[in-house]
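Below, each chain spelled out in residue letters.
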Amino acid sequence: MDQYDVVVIGSGPGGYVAAIRCAQLGMKTALVERYPTLGGTCLNVGCIPSKALLDSSEHFHNAQHTFEKHGIRLQGMEVDYPAMVARKREVVDLSVKGIDFLMKKNKIQVHYGHGSYEDAHTIKVTKEGGEEVFLKTKKSIIATGSKPMTLPGIEIDKKRIITSTEALELEEVPERLVVIGGGVIGLELGSVMARVGTDVTVVEYADSLIGAMDKSLGKELAKVLKRDLGFSISLQHKVTGVTHHGDKVIVTAEDMKKGKEVAFEADYCLVAVGRRPYTDRLGLEKAGVKRDEKGRVDVDTTMQTNVPDIYAIGDVVKGAMLAHKAEEEGVFVAELLAGQKPHINHHLIPGVIYTWPEVAAVGYTEEELKKNGTAYKTGNFPFKASGRARASMDDRFGFIKVLADAETDEVLGVHMIGPRAADMIMEAVMAMEFRASAEDLSRACHAHPTFSEAIKEAALDATDKRAIHF
Ligand code: FAD
Ligand code: NAI
């Protein structure tokens, strides 16, 4: 029987990063993965393929709608959607091969097959043909991620009623798509389809899109998605069922404002109502590992389960379901196992939505500050007042909002919707990691002309209402 210091179950961004850090710190490490490729949801059916399609479709959208204003005339343009999907597959292939390389480089033993606990220190790997391999280990890390959820009464048939996984593999451009859920997946993949010509309808239970973020972001994003991509958005609609007739689907929902039932017809229905922790046939009971009230592996602040030698990270535990959160937790656990004193600040994990305009945020929302009774001040700066945005012409929508403590001026939250927000949010994360004040942000020299000047201006507005350009 193979004997390891650490066995990691699941090779997503949580698992493979944890394995690399364990190996770097001198532990004999194995990684178990049930799929034939490494990289988990993120690389195979999540972050990377969705961003590949978002980028391709954005090129097409810009070529159709903004190039002419820049003095570039194109004729006879059309989308070859299967080619877009093929390019996405190449991007995924390259990315997962990169993880193979990293495993070899770090001398991590990869075992392909379904991992399950026999006891707290023995993991069984069941290979595709049924062969079983047993791994003995001192410690283990559960990084088995998540799977798409559905709603009661809605059966995902993977043909017309689909999740993000199938949506990333469509070979045709639907005429009409109904997206259930105005959250991250619905809006990113809805954007891809709308840009290549699909009529997209979003049916959302809550009274705003991307409801977990600062409310101002969802409002602005809804405006742009309606105007630029022709989204039809039905808020406060509770989906009650989906039926599939031939090549049509009918989504029924309760319009909660009017108190009546409505129906939406389309070629496809994308169910994007969240994801559930994946612990199927993991043998948690045999190891004695407890779940929390939401079915996630229960961990304490050090990512340790109730069984001392078993840790868990990423989507399978509480917190944001994000690749970078899983990675941070992977490094954290590896360093803890090596006897170090790592630190992780769950409050400063940025959230990003890769629509156009991009949406990004870190720290408290205005709604949270109000609820907590925190005295705060607000600074805003719209991109329409940015020279860099004017030079890019169409990048003139959106804004940056800086929230700072009313007394100490410490930055408490930064929320932005606009060009390159995904990258710009890191300035706010760094500032907040060092507990900067809005004045600190505003006094740092920002290169001109850049989109990031909008952060400085919003911080100036928050400090004492002295934005220069607005
Ligand atoms: P996963 O990536 O889910 O990996 C878990 C792995 O464990 C899988 O490979 C699975 O096969 C394996 N596994 C499960 N059970 C077993 C078992 N018993 N034995 C062996 N192997 C097992 N996040 C972002 O931060 N940015 C984005 O842009 C982004 N885009 C996304 C787009 C989409 C369409 C989706 C669906 C998700 C996106 N996410 C994004 C979320 C991100 O993919 C997840 O947060 C991240 O992958 C979680 O990492 P993880 O390591 O916890 O789990
Ligand atoms: P989500 O939680 O972002 O959105 C789900 C939406 O469905 C919510 O707005 C919810 O109100 C709505 N909903 C629930 N029940 C409903 C009903 N009966 N009728 C109508 N609407 C209903 O979940 P999503 O989009 O599925 O994404 C899952 C996870 O994947 C997210 O938590 C996110 O962390 C991760 N992800 C991250 C990305 C990124 O970082 N850019 C991209 C894609 C996914």
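Before going into details, it helps to say that this report is about the structure given with it. Please read all numbers here as calculations on a predicted model, not as lab measurements. (Residues numbered from 1 in each chain as written. Chains lettered and ligands numbered in written order. Predicted model: local features only at pLDDT ≥ 70, side-chain atom pairs only at ≥ 80, totals over all residues. Heavy atoms only, no water.)

**Looking at the nonpolar core**
Core analysis: the biggest nonpolar cluster contains 53 residues, and Ile141 and Ile142 have the highest contact counts within it. For this core, the element with the most residues is helix 1 (residues 13-24), which contributes 7 residues. Dropping the residues within four chain positions of it, Ile141 is found in contact with Val6, Val7, Val8, Ile9, Ala18, Cys22, Tyr311, Ile313, Val333 and Leu337. Residues Leu53, Met193, Leu229 and Phe231 belong to the second largest nonpolar core, which totals 38 residues. (Core = buried A, V, L, I, M, F, W, Y, C linked by side-chain atoms within 4.5 Å. Buried < 20%, exposed > 50% of the residue type's maximum accessible area, 1.4 Å probe, protein only. Helix = DSSP H or I, 4+ residues; strand = E, 2+ residues; numbered from the N terminus. Contact = heavy atoms within 4.5 Å.)

**Remarks on the sheet that holds strand 8 (residues 161-162)**
The parallel open sheet is built from 5 strands, whose spatial order is 8-15-9-10-11. With partners counted over all chains shown, the strands left at the sheet margins are strand 8 and strand 11 (232-234), one partner each. The sheet contact formed by strand 8 and strand 15 (residues 268-271) spans 2 bridges and is parallel. By the bridge assignment for strand 15, Ile161 is matched with Cys269. This element, helix 6 (residues 184-195), spans strand 9 (176-180), strand 10 (199-203) and strand 15 of the sheet and lies at about 165° to strand 10. (Pairing = 2+ DSSP bridges. Axes fitted to C-alpha atoms, helices over the stretch in contact; angles between N-to-C directions.)

**Quick notes on helix 4 (residues 81-105)**
Compared with an ideal rise of 1.5 Å per residue, which puts 25 residues at 36 Å, helix 4 spans 36 Å between its outermost C-alpha atoms and is within 8% of the ideal. All buried positions along helix 4 are accounted for by Tyr81, Met84, Val85, Lys88, Val92, Val96, Ile99 and Met103. Two residues or fewer after helix 4 comes Lys107, characterised by a positive phi angle close to 55°. (Expected span 1.5 Å × (residues − 1).)

**Structural notes on the site of ligand 2**
Near ligand 2, the surroundings consist of 22 residues, among which Glu188, Glu204, Gly274, Met321 and Val352 are the closest. Between ligand 2 and the protein, one listed contact pairs an oxygen atom with a side-chain N or O atom of Glu204 at 2.6 Å. Contact with the protein chains removes 77% of the 860 Å² of surface that ligand 2 exposes when unbound. Among the secondary structure elements, those contributing two or more residues to the shell around ligand 2 are helix 6 and strand 12 (237-245). A class-by-class count of the residues in the shell around ligand 2 yields 13 nonpolar, 4 polar and 5 charged. (Near = heavy atom within 4 Å. Polar contact = N/O pair within 3.5 Å; in protein donor to acceptor, adjacent residues only side chain to side chain. Areas by Shrake-Rupley, 256 points an atom, 1.4 Å probe, with all protein chains shown as cover. Nonpolar A, V, L, I, M, F, W, Y, C, P; charged D, E, K, R; others polar.)

**So, the sheet that holds strand 22 (residues 411-418)**
Pairing between the strands of a sheet is mediated by backbone hydrogen bonds and can be parallel or antiparallel. If you trace the 5 strands from one edge of the open sheet to the other, you get 18-19-22-21-20, paired in antiparallel fashion. Each of the sheet's edge strands pairs with one partner strand only, and the pair in question is strand 18 (351-353) and strand 20 (376-382). Across this sheet, the average inter-strand angle for adjacent strands is 10°, counted without regard to direction. Its contacts with the sheet put helix 12 (residues 421-433) on strand 18, strand 19 (358-363), strand 21 (399-405) and strand 22, and the angle it makes with strand 19 is roughly 10°.

**Topic: the packing of aromatic side chains**
Pairs of aromatic rings are described using the distance from one ring centre to the other and the angle between the two planes. Inspection of the entire model under this criterion finds 3 aromatic pairs. Ring centres 6.2 Å apart and planes at 80° place the aromatic pair Phe381 and Phe470 in the edge-to-face group. With a gap of 89 residues between them, Phe381 in strand 20 and Phe470 in the segment after helix 14 (453-464) connect regions that are remote in the sequence. The exposed category is assigned to Phe470, whose relative accessible area is 61%. Centre to centre, the rings of Phe383 and Phe451 are 6.4 Å apart; their planes meet at 70°, and the pair counts as edge-to-face. Note that Phe383 is positioned in the loop between strand 20 and helix 11 (387-391) and Phe451 in the loop between helix 13 (438-443) and helix 14, a separation of 68 residues in sequence. (Phe/Tyr/Trp six-rings, centres within 6.5 Å; stacked < 30°, edge-to-face > 60°.)

**Section: helix 7 (residues 215-229)**
Note: α-helices contain 3.6 residues per turn, so residues at a spacing of three or four share the same orientation. An ideal rise of 1.5 Å per residue puts 21 Å on 15 residues; helix 7 measures up with 21 Å between its terminal C-alpha atoms. Those residues of helix 7 hidden inside the fold are in contact with helix 3 (47-65), helix 6, strand 11, strand 19, strand 21 and strand 22. One or two positions beyond helix 7, positive phi appears at Gly230, with a value near 70°.

**Details of the packing of helix 3 against helix 4**
The description of two packed helices rests on the angle between their axes and on the distance between the axes. The geometry of helix 3 relative to helix 4 is characterised by a closest axis approach of 9 Å and an angle of 140° between their N-to-C directions. Here helix 4 runs oblique to helix 3, going by the angle between their axes. Where helix 3 crosses over helix 4, the handedness of that crossing is right-handed. Across the interface between the two elements, Ile48, Pro49, Ala52, Leu53, Ser56, Ser57 and Phe60 from helix 3 touch Tyr81, Met84, Val85, Arg87, Lys88, Val91, Val92 and Ser95 from helix 4. When grouped by side-chain class, the residues that make up the contact of helix 3 with helix 4 number 10 nonpolar, 3 polar and 2 charged. (Parallel < 35°, antiparallel > 145°, perpendicular 65-115°, else oblique. Left-handed = near helix turned anticlockwise from the far one by under 90°.)

**Overview of the packing of helix 1 against helix 9 (residues 323-337)**
With their axes 7 Å apart at the nearest point, helix 1 and helix 9 run at an angle of 30° to one another. Accordingly, the angle class assigned to the pair helix 1 and helix 9 is roughly parallel. Considering how the two elements wind past one another, helix 1 and helix 9 form a crossing that is right-handed. Contact residues: Pro13, Gly14, Val17, Ala18, Arg21 and Cys22 in helix 1; Ala323, Ala326, Glu327, Gly330, Val331, Ala334 and Glu335 in helix 9. Broken down by class, the residue content of the contact of helix 1 with helix 9 amounts to 8 nonpolar, 2 polar and 3 charged.

**A few points about the site of ligand 1**
Residues in close proximity to ligand 1 total 39 residues, the closest being Glu33, Thr41, Lys51, Gly115 and Asp315. Within the backbone of Cys42, an N or O atom sits 3.3 Å from an oxygen atom of ligand 1. In this structure, Ala323 approaches ligand 1 through a main-chain N or O atom, which is 2.8 Å from an oxygen atom. In isolation ligand 1 exposes 990 Å². Once the protein is present, 94% of that is buried. Those elements giving two or more residues to the shell around ligand 1 turn out to be helix 1, strand 2 (29-33), helix 2 (40-45), helix 3, strand 4 (114-119) and helix 9. A per-class count over the shell around ligand 1 returns 16 nonpolar, 18 polar and 5 charged.

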